[in-house]
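The residues making up each chain are set out below.
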Amino acid sequence: MRWPLPNQPFPWLLGWSVGLLGLALVGCSPGQGDRNALRPIAPALALPTLSEATSADLALSPPERPKPVTAWDHLQRADERLYVVLLRHAIAPGTGDPANFRLDDCATQRNLSAAGRSQAQQIGAAFRQRNIDVVQVLSSQWCRCLETADLMVLGPVEPYPPLNSFFRDRSTATQQTAQVQAYVRNQPSRGVIVMVTHQVNITALTDVVPGSGQAVVMTQNEAGELVQVGLLNAAE
C-alpha cells in the first residue's frame, strides 16, 4: 500500500473539493440566475413626484400681488377729493384749423369725423358704466370740443374760453393756463370736473401729449397745485 506523499492532499479530499466546486458552478448556471441575481432594494419611504401638489404645498404658495390703482379707481373715489379730467377732443382728422377759421362757424373749423363721434359716445359710456360722479363739464368753444362734450352726455356743457386752443397764437398760453389752474383751486374739494380741450392746452398744464380722446387725470396737492394722477384712455 502506497501512501500519498507529504504535502499532497488525500484523493478523497480532492474529490470532495471538486464536488463542491461543481455545485457552485451549477448554482451560477443560467437556469438558476433568476433566483440568485441581485435585486434592487426598495426604498423604505415612497417619495412624492414633483407633479403631486398637496394642500400643504398650496398653502405655502406666495399670495397674489395687489392690482395697481388705475386712474378709473381714483375717479370712483371722487367723494373723497376733487379730480379734474383734462380730455382732448375726440378724433378730428387734420392739424390746426383752416385759414378761414371763425369761432362762430363750425363749417370753417376742423370737426369730428364719424369715428370721432363714435369715440365721444364710447367715452361717455365708459364714465357711466363706472358710475363716475361728474359734477361739471366744461369745454373749449371750438366745435369739435363742444360736440365731443355733448355726445358724452355727462351733464350740461358749459363753454369756457380759457380752454380754447392757442395753437395758432401762443401769446395767450400762459394766461389761459393760469386761468384754468385758478379755476380749479376755487372749486369744491370733491367730485369730478371734465374739461374738454385741445392737445396744446393739456400739454401746457401737464407736459403730457395726449392722443385724440385721451385724458390726463389731475388732482390738487396740499399746496393747491395740480398734480397728475394718471392717464386715461376713456374709450377702452
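Residues numbered from 1 in each chain as written. Predicted model: local features only at pLDDT ≥ 70, side-chain atom pairs only at ≥ 80, totals over all residues. Heavy atoms only, no water.

1. Looking at the sheet that holds strand β3 (residues 157-159)
Note: strands within a sheet are paired through backbone hydrogen bonds, in either parallel or antiparallel orientation.
Next, step 1: With respect to topology, six strands assemble into an open sheet ordered β3-β2-β4-β1-β5-β6, the strand pairing being mixed. Edge positions in the open sheet fall to β3 and β6 (226-233), since each of these has one partner strand only. Strand-to-strand, the axes of this sheet are offset by a mean angle of 25°, without reference to chain direction.
Next, step 2: Bridge count for strand β2 (residues 134-139) against β3 is three bridges, and the pairing is parallel. From the neighbouring strand, leucine 138 faces β3, where its bridge partner is glutamate 158.
Next, step 3: Against the sheet, helix α6 (residues 143-152) touches β1 (82-88), β2, β3 and β4 (191-197), its axis set at about 140° to β4. (Pairing = 2+ DSSP bridges. Helix = DSSP H or I, 4+ residues; strand = E, 2+ residues; numbered from the N terminus. Axes fitted to C-alpha atoms, helices over the stretch in contact; angles between N-to-C directions. Contact = heavy atoms within 4.5 Å.)

2. Overview of the nonpolar core
Next, step 1: Core analysis: the largest hydrophobic core is formed by 24 residues, its most contacted members being Leu75, Val85, Phe127, Val134, Val192, Val194 and Leu232.
Next, step 2: When contributions to this core are tallied by element, the ones reaching two or more residues are α4 (71-75), β1, α5 (114-129), β2, α6, β4 and β5 (214-220). (Core = buried A, V, L, I, M, F, W, Y, C linked by side-chain atoms within 4.5 Å. Buried < 20%, exposed > 50% of the residue type's maximum accessible area, 1.4 Å probe, protein only.)

3. Some thoughts on the pattern of salt bridges
Next, step 1: Considering all chains together, one arrives at three salt bridges under this definition.
Next, step 2: Aspartate 104 is paired through a salt bridge with arginine 102; the nearest N and O atoms lie 3.5 Å apart.
Next, step 3: According to the relative accessible area criterion, aspartate 104 is exposed, its value standing at 68%.
Next, step 4: Residue arginine 102 is joined to aspartate 105 by a salt bridge in which the shortest nitrogen-to-oxygen separation is 3.0 Å.
Next, step 5: Aspartate 105 gets classed as partly exposed once you look at its relative accessible area, which sits at 21%.
Next, step 6: Residues participating in the shared-partner salt-bridge network are Arg102, Asp104 and Asp105. (Salt bridge = Lys/Arg side-chain N within 4 Å of Asp/Glu carboxyl O.)

4. A few points about the layout of surface pockets
Next, step 1: Within this model, the largest pocket holds a volume of roughly 210 Å³.
Next, step 2: Surrounding the largest pocket, 17 residues form its lining, Gly96, Arg110, Arg144, Ser165 and Phe167 being those nearest its centre.
Next, step 3: Among the residues making up the lining of the largest pocket, the classes are represented as five nonpolar, seven polar and five charged. (1 Å grid on protein atoms, 1.4 Å probe; cavity = no way out; pocket = protein on both sides within 12 Å on 5 of 7 lines; lining within 4 Å. Points joined across faces, edges and corners; volume = space filled by probe spheres on them. Nonpolar A, V, L, I, M, F, W, Y, C, P; charged D, E, K, R; others polar.)

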